[in-house]
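Here are the chains, one letter per residue:
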Amino acid sequence: MRFRHPDGSTVHLSYCTNVHPAETLDGVRAQLRDHCEPVRRRLGRDRLGIGLWLARDAARALINDPAELRGLRAELDSRGLEVVTLNGFPYEGFGADEVKYRVYRPDWTEPDRLAHTTDLARLLAALLPDDVTEGTISTLPLAWRTPYATDPGAARTARTALTSLAQRLDALAELTGKSIRIGLEPEPGCTVETTADAIAPLTDVGHERIGICVDTCHLATSFEDPGTALDALTAAGIPVVKSQLSAALHAEHPHLPEVRTALAAFAEPRFLHQTRTRTAAGLRGTDDLDEAVAGGALPDSTPWRAHFHVPLHAPPAPPLTSTLPVLRTTLARLVGGPVPLTRHLEVETYTWQALPAELRPRTRTQLADGIAAELTLARDLLVDLGLKELP
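Right, let's walk through the structure included here. Starting afresh in each chain, residues are numbered from 1 along the sequence in its written order. Reporting in this predicted model follows two pLDDT cut-offs: at least 70 for local features of residues, and 80 or more for side-chain atom pairs to be given and counted; totals over whole chains, interfaces and linings ignore these cut-offs and use all residues. As a rule here, side-chain values cover all heavy atoms of the structure and leave hydrogens and water aside.

As a further point, take unusual backbone geometry. Backbone torsion omega between R105 and P106 reads -10°, so that peptide bond is classified as cis. Numbering of helices and strands starts at the N terminus; helices are DSSP runs of H or I of at least 4 residues and strands are runs of E of at least 2. Along the polypeptide, P106 turns up in the loop between β4 (81–87) and α4 (111–127). Residue P319 follows P318 across a cis peptide bond; omega there is 15°. Secondary-structure assignment places P319 in the loop between β12 (304–310) and β13 (320–322). You will see that K100, though not glycine, has its phi angle at about 45°, which is positive.

Spelled out as structure tokens, the structure:
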């Protein structure tokens, strides 16, 4: 979906396909047929943006066979779909029964991460619509905090890899006329947990094609104030490459037994749900929700937030809620001003099938309805901020 900002530029809204597990090229094509096109039709739009997730095997198949890449581009066109952004965070296995810490490997100290991200940049340059010259890719925020924090050479290795990537992106732009930018995506528990943590390493790299991806669930989980965060990035000259529109799980009174019971329903075995609370002594947290719910690991006199991407349009029932207000505030700062801070927005609720059983979609139709409802909410927010939806 495209929108005209009051400054005349185009803002793109998409939804991320990592909600549909697929590791192979055939699986990606099935996503387009079974999920993405039906969502577009529900929205009544001739064109829908998708934030494509290409696992390692699918990406390599496209890199190794130009005919397959041309075929994918043609299929996107025929189904009324367009790609201006990729999710390059998960490498493989995102549809596994247990993902947890595996999603952080390989990290930016490992050659496979640089190789895969380079492949994604080449692919995105070929998949961009003819009238679009800029693409974006989100990637993991350097590494999970351990063992990175205790390795004296890790920061240097990651910086070297990102510098090499920037040089490759410059060469790609020279060759294709397409500018691909990469955004580190701060996430709780990682080396770069907050937007503030991103400033130093991105300043060290010091390249306009390497910036930040602001995920509003992660921002909220770490209790970051959107205005403060974005002002600091602007002051440091760090570009907001893209933003993922998502909402975290919020518990206002975690000391109450009924609140613990409600939270426990969201503690599931597939993904990590890092949980945080803000105290007078600073931010406290656990790596997963079940650790917090079990008791003793976190103070419970202040609100808790958990890294669980809940559907934007359907916050959980009381006594829980979502951090949709943080998303609204962040979006207003990102695109509500005279000039947008980013032009690529991506709804990323990948946890539909990890929701408590009674909330999960049971059919493709129900899932498509839910994704369409999320995009409708995001569209309405953009229109309310003065953007005009384009055909």
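There's plenty left to go through after this.
Turning to the nonpolar core, a few remarks are in order. The nonpolar side chains of a soluble globular protein tend to be buried with one another. By size, the foremost hydrophobic cluster in this structure holds 114 residues, and its most contacted members are L13, Y15, W108 and L375. The greatest single-element share of this core, amounting to nine residues, is contributed by helix α13 (residues 364–384). Here, two residues are considered to be in contact whenever any of their heavy atoms come within 4.5 Å of each other. Aside from chain neighbours lying at most four places away, what touches Y15 is H20, H35, C36, V39, L48, G49, I50, G51, E346, V347, I371 and L375. Note on terminology: a nonpolar core comprises buried Ala, Val, Leu, Ile, Met, Phe, Trp, Tyr and Cys residues joined through side-chain atoms within 4.5 Å. Remark: exposure states derive from per-residue accessible area (1.4 Å probe, protein chains only) relative to the maximum for the residue type, with buried under 20%, exposed over 50%, and partly exposed in between.

Let us look at the sheet that holds strand β11 (residues 282–286). Across a sheet, strands are paired by hydrogen bonds formed along the backbone, either parallel or antiparallel in direction. Here, any two strands with at least 2 DSSP bridges between them count as paired. Spatially, the five strands line up as an open sheet ordered β11-β10-β12-β9-β13, and their pairing is antiparallel. Looking at strand neighbours, the two that pair on one side only are β11 and β13, the edges of this open sheet. Put simply, the sheet's adjacent strands are angled 30° from each other on average, direction ignored. Examined bridge by bridge, strand β10 (residues 275–279) and β12 share three bridges and lie antiparallel to one another. Residue T275 lies in a different strand from β12, and its bridge partner there is A306. Note on geometry: axes are lines fitted to C-alpha atoms, helical ones only across the stretch in contact, with angles between N-to-C directions running from 0 to 180 degrees.

The subject of this paragraph is helix α9 (residues 226–236). Among all positions of α9, only P226, G227, A229, L230 and L233 are buried. End-on view of α9: buried residues confined to an arc of 165°, all on one side of the axis. Opposite the buried face of α9, at more than 90 degrees from it, the exposed residues are T228 and A235. Looking one or two places after α9, you find G237, whose phi comes out positive at around 75°. Working note: the arc is built from the helix axis to C-beta atom directions.

Packing of helix α12 (residues 324–335) against α13 leaves a shortest axis separation of 10 Å and a crossing angle of 45°. As summarised for this structure, α12 and α13 are arranged oblique, according to the angle between their axes. Relative to α13, the crossing made by α12 is right-handed. Contacts between α12 and α13 involve L324, L327, R328, L331 and V335 from the first element and L377, L381 and L382 from the second. Charged residues are taken to be Asp, Glu, Lys and Arg, nonpolar residues to be Ala, Val, Leu, Ile, Met, Phe, Trp, Tyr, Cys and Pro, and polar residues to be all remaining types, Gly included. Residue classes in the contact of α12 with α13 are distributed as seven nonpolar, no polar and one charged. Angular relationships are summarised with four words: roughly parallel below 35 degrees, roughly antiparallel beyond 145, roughly perpendicular across 65 to 115, and oblique for the angles in between. Here a crossing is called left-handed whenever its near helix is offset anticlockwise from the far helix by less than a right angle, and right-handed whenever the offset is clockwise.

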